[in-house]
Each structure stands twice: as structure tokens, then as C-alpha cells.
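Notes for the structure review
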Amino acid sequence: MTSRDKIEQLKADLTRSLEQNSPKYRRAIIRELDYLFRKYGTENFDDFIEAIQRYFDIPASAKATIVNELKQTQQQIG
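I will try to describe carefully the structure that is included in this document. (Residues numbered from 1 in each chain as written. Predicted model: local features only at pLDDT ≥ 70, side-chain atom pairs only at ≥ 80, totals over all residues. Heavy atoms only, no water.)

Structural notes on a negative patch on the surface
Together, E43, D46, D47 and E50 give the surface a local cluster of negative charge. Judged by relative accessible area, E43 falls into the exposed class, the value being 74%. (Patch = residues over 30% accessible without salt bridge, like charges linked within 9 Å, V, L, I, M, F, W, Y side chains within 5 Å. Areas by Shrake-Rupley, 256 points an atom, 1.4 Å probe, with all protein chains shown as cover. Salt bridge = Lys/Arg side-chain N within 4 Å of Asp/Glu carboxyl O. Lys, Arg positive; Asp, Glu negative; His and termini not counted. Charge placed at Lys NZ, Arg CZ, Asp CG, Glu CD. Buried < 20%, exposed > 50% of the residue type's maximum accessible area, 1.4 Å probe, protein only.)

Structure follows, in C-alpha cells:
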């Protein structure tokens, strides 16, 4: 088995593991978001957004979309 084959096997194993454990990861991410909101978002929603951007490595292209969705959700809740 070549090193390239080993890398492809590791990628496949990781993908399979993520698919099998995705509910657990989703719950963990939701818990982290809840924690960040309670810590930063109760006073100023922009602080919450900044905390998410610092805590999660979000690509610049996705930041605007996420911020808009969060603001729309906050408006719906309010």
C-alpha cells in the first residue's frame, strides 16, 4: 500500500466516522453556541457574533451569510 493509498484510507475512515457520529457533533456545537450566547449575547448581540467568529474558524465568504441568518433569527425571536 502506497502512502497515497494510506492517506485516502484515512480520509475515508474519518468521513465514515463523522457521518456515524454527526448527531453527537451537532449537539456539541449547539451546546457551544448556547454557552457563547449566554456569555456574550445577552447584553450585545454583536459581541455574540464576534465570539462565534473567534471561536469557530469561519471562512470570510461564509461570515456574512451566517451573520445575516443570526440577525434574522434574533428578529423572529424578538
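Looking at helix 1 (residues 3-41)
Every α-helix winds through 3.6 residues per turn, so residues three or four apart in the chain are directed the same way. The first and last C-alpha atoms of helix 1 sit only 47 Å apart over 39 residues, clearly below the 57 Å expected at 1.5 Å per residue. The largest bend in helix 1 amounts to roughly 65° and is located at N21, with the proline P23 lying one to four residues further along. (Helix = DSSP H or I, 4+ residues; strand = E, 2+ residues; numbered from the N terminus. Expected span 1.5 Å × (residues − 1). Bend = angle between axes of the 7 residues up to and from the residue.)

Focus on the packing of helix 1 against helix 2 (residues 45-55)
As a packed pair, helix 1 and helix 2 sit with axes 8 Å apart at the nearest point and diverge in direction by 135°. On the basis of their axis angle, the class for helix 1 and helix 2 is oblique. For helix 1 against helix 2, the interelement crossing comes out right-handed. In contact with E32, L33, L36, F37, Y40 and G41 of helix 1, helix 2 contributes F45, D47, F48, A51, I52, R54 and Y55. A per-class count over the contact of helix 1 with helix 2 returns nine nonpolar, one polar and three charged. (Axes fitted to C-alpha atoms, helices over the stretch in contact; angles between N-to-C directions. Parallel < 35°, antiparallel > 145°, perpendicular 65-115°, else oblique. Left-handed = near helix turned anticlockwise from the far one by under 90°. Contact = heavy atoms within 4.5 Å. Nonpolar A, V, L, I, M, F, W, Y, C, P; charged D, E, K, R; others polar.)

A few points about the environment of T15
Following the sequence through the fold, T15 ends up in helix 1. Taking relative accessible area as the criterion, T15 reaches 41% and is therefore assigned partly exposed. Within the local environment of T15, its side chain forms a polar contact with the backbone oxygen of K11, the two atoms lying 2.9 Å apart. (Polar contact = N/O pair within 3.5 Å; in protein donor to acceptor, adjacent residues only side chain to side chain.)

Describing the environment of R31
Assignment of secondary structure puts R31 in helix 1. In this structure, the C-alpha to C-alpha distance between R31 and G41, residues ten residues apart in sequence, is 14 Å.

A short note on helix 2
Those residues of helix 2 that fall on the buried side of the exposure criterion are F45, F48, I49, A51 and I52. When helix 2 is viewed along its axis, its buried side chains cluster within an angular range of 160° and face the same direction. The elements touched by buried residues of helix 2 are helix 1 and helix 3 (60-77). (Arc of directions from axis to C-beta.)

So, the pattern of salt bridges
Taken as a whole and assessed by the stated rule, the structure comprises three salt bridges. Between E8 and K11 there is a salt bridge, with its nearest N and O atoms 3.5 Å apart. Taken together, the positions of E8 and K11, both in helix 1 and three residues apart, correspond to about one turn of that helix. Residue E8 is classed as partly exposed on the basis of its relative accessible area, which comes to 37%.

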